[in-house]
Structure formats: structure tokens, C-alpha cells
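Remarks on the overall topology
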Amino acid sequence: MPTLENRPNTALLIVDVQNGVVGGAHDRDAVVANVGSLVEKARQDDVPVIWVQHSDAGLAKGSDDWQIVPELSPADAETRVDKSYADSFEETTLESVLAERGIGRLVVAGAQTDECIRSTLHGALVRGYDATLVSDAHTTEDLSAWGAPPPEQVISHTNMYWGNHKAPGRTAGTVETKDVDFAR
């Protein structure tokens, strides 16, 4: 149970699955397919799907790189949240969107694992939300040339630590796409 009062609902939060973000990402096609499966399941279960899109000096709003990947199509009624920081809550409308819909639990997928996914998960938890990471529906680019571990290790490490994360009165954890239960 989240620590937020009167927030019994769940939402699927899709973070930065944009052309310029996942174009060269690790296991891109499989991750995008898993995100697509999650979106279909959420829609079938009448669970809100919220699309987050990043923009900054290198990712101009409205550009081809800024667009959601062509394999995914946000429905007209689905909310889009624009952001310019790694944490999807920072200086965005996300909190008000979630409050309006009574959402206290987030199921999170998208990119980049080591930046916006981690920041958003932590941002959710410290704000009182339950936050579940879909372990096979997030990805990142290869930054090993700059000293980072290879992307498969970044993803694996994130799954490991988020699967064991705890906070008073809130739940964190991981689940595979095939096992996502929005009613939980």
C-alpha cells in the first residue's frame, strides 16, 4: 500500500521510449516489444497509461528524435508528460495527473535505466508511491567507453537492487512483463 491517502489505483508509466533515446539502446527491439505488451495489457485492464517524454538541448521537443518510437502509439486519451530532468516528477505535471486519478502505485518501464528510470523510481518512492520496475522492459545505451559497466550489467544491477529495495509503508520491486498484474 502506498503511503498516499485515497490513492488505490495503478498506472503504467512509460518513460522516454523516444527515437533519440532508445535508437541505439541495448536489446532495443525486445524492450520496445515488451513495452508494447504492457501497454496492450494496461489498456485491456482499463489501467491508465502515462507517457513521459524528455526534452533538452540535445533532444528538441517536436523533433523526430523526441517522438515516441514508431512501434508504440499513445492513444489520444492517454496522458503525456513533458520533462526536462531525469526524475519524471521534477517540474512536471506528473504528480497532479496521478493525484487526479487516485494513483498510488506505478508500474515503470522505458529508458534510460541508469538515468531517468532510476531517478523516476526513487522519485516515486520518496514521494509515497509504490513503484514496480518491469525488469525486461527497460534499457540503456552503452556508455562503457566513458567507464560505465556494459548496458546488460547496468540493467541487471538495477533489477537486483530495485528488487530488494524497501521503504516504510511503501513497496518496491521488479516483475517480468509476462507476470505484470495491474490489479495487485
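Summary of the structure given here. Bear in mind that the values here come from a model prediction, so they are computed numbers and not experimental data.

Rules and cut-offs
Residues numbered from 1 in each chain as written. Predicted model: local features only at pLDDT ≥ 70, side-chain atom pairs only at ≥ 80, totals over all residues. Heavy atoms only, no water. Helix = DSSP H or I, 4+ residues; strand = E, 2+ residues; numbered from the N terminus. Rg over C-alpha atoms; globule rule 2.2 N^0.38 Å. Buried < 20%, exposed > 50% of the residue type's maximum accessible area, 1.4 Å probe, protein only. Contact = heavy atoms within 4.5 Å. Lys, Arg positive; Asp, Glu negative; His and termini not counted. Charge placed at Lys NZ, Arg CZ, Asp CG, Glu CD. Core = buried A, V, L, I, M, F, W, Y, C linked by side-chain atoms within 4.5 Å. Axes fitted to C-alpha atoms, helices over the stretch in contact; angles between N-to-C directions. Parallel < 35°, antiparallel > 145°, perpendicular 65-115°, else oblique. Nonpolar A, V, L, I, M, F, W, Y, C, P; charged D, E, K, R; others polar.

1. Quick word on the overall build of the chain
Each helix and strand in the chain was counted, giving 5 helices and 7 strands. The linear arrangement of helices and strands in the chain, starting from the amino end, is β-α-α-β-β-α-β-α-β-α-β-β. Its C-alpha radius of gyration of 15 Å places the chain within 12% of the 16 Å reference for a compact globule of 184 residues. C-alpha extents for the chain along the principal axes are approximately 45 × 35 × 30 Å. Burial status across the chain gives 52% buried among its 184 residues. Here the contacts in the chain between residues at least 6 apart in sequence split such that 79% fall between residues at least 24 apart. In the chain, the 15 positive side-chain charges and the 29 negative ones have mean positions that sit 6 Å from each other.

2. With respect to the nonpolar core
If you look at the biggest cluster of nonpolar residues, it comprises 27 residues, and the most contacted ones within it are Leu12, Ile14, Val35 and Leu72. Elements represented by at least two residues in this core include exactly β1 (9-15), α1 (19-22), α2 (28-44), β2 (49-54), β4 (103-111) and β5 (130-139). If one sorts the elements of this core by residue count, α2 sits on top with 6 residues. Once residues lying within four places of it in the same chain are set aside, the contact partners of leucine 72 are Val17, Val32, Val35, Gly36 and Trp51. Counting residues in hydrophobic clusters, the runner-up holds 26 residues, among them Leu13, Val15, Leu94 and Ala124.

3. Describing the packing of helix α4 (residues 113-126) against helix α5 (residues 151-163)
Following both chains from N to C, one finds α4 and α5 inclined at 10°, their axes separated by 11 Å at the closest point. Here α4 is positioned roughly parallel relative to α5, judged by the angle of their axes. Listed contacts from α5 to Thr113, Asp114, Arg118, Leu121, His122 and Leu125 of α4 are Val154, Ile155, His157, Thr158, Tyr161 and Trp162. Of the residues contributing to the contact of α4 with α5, the split by class is 6 nonpolar, 4 polar and 2 charged.

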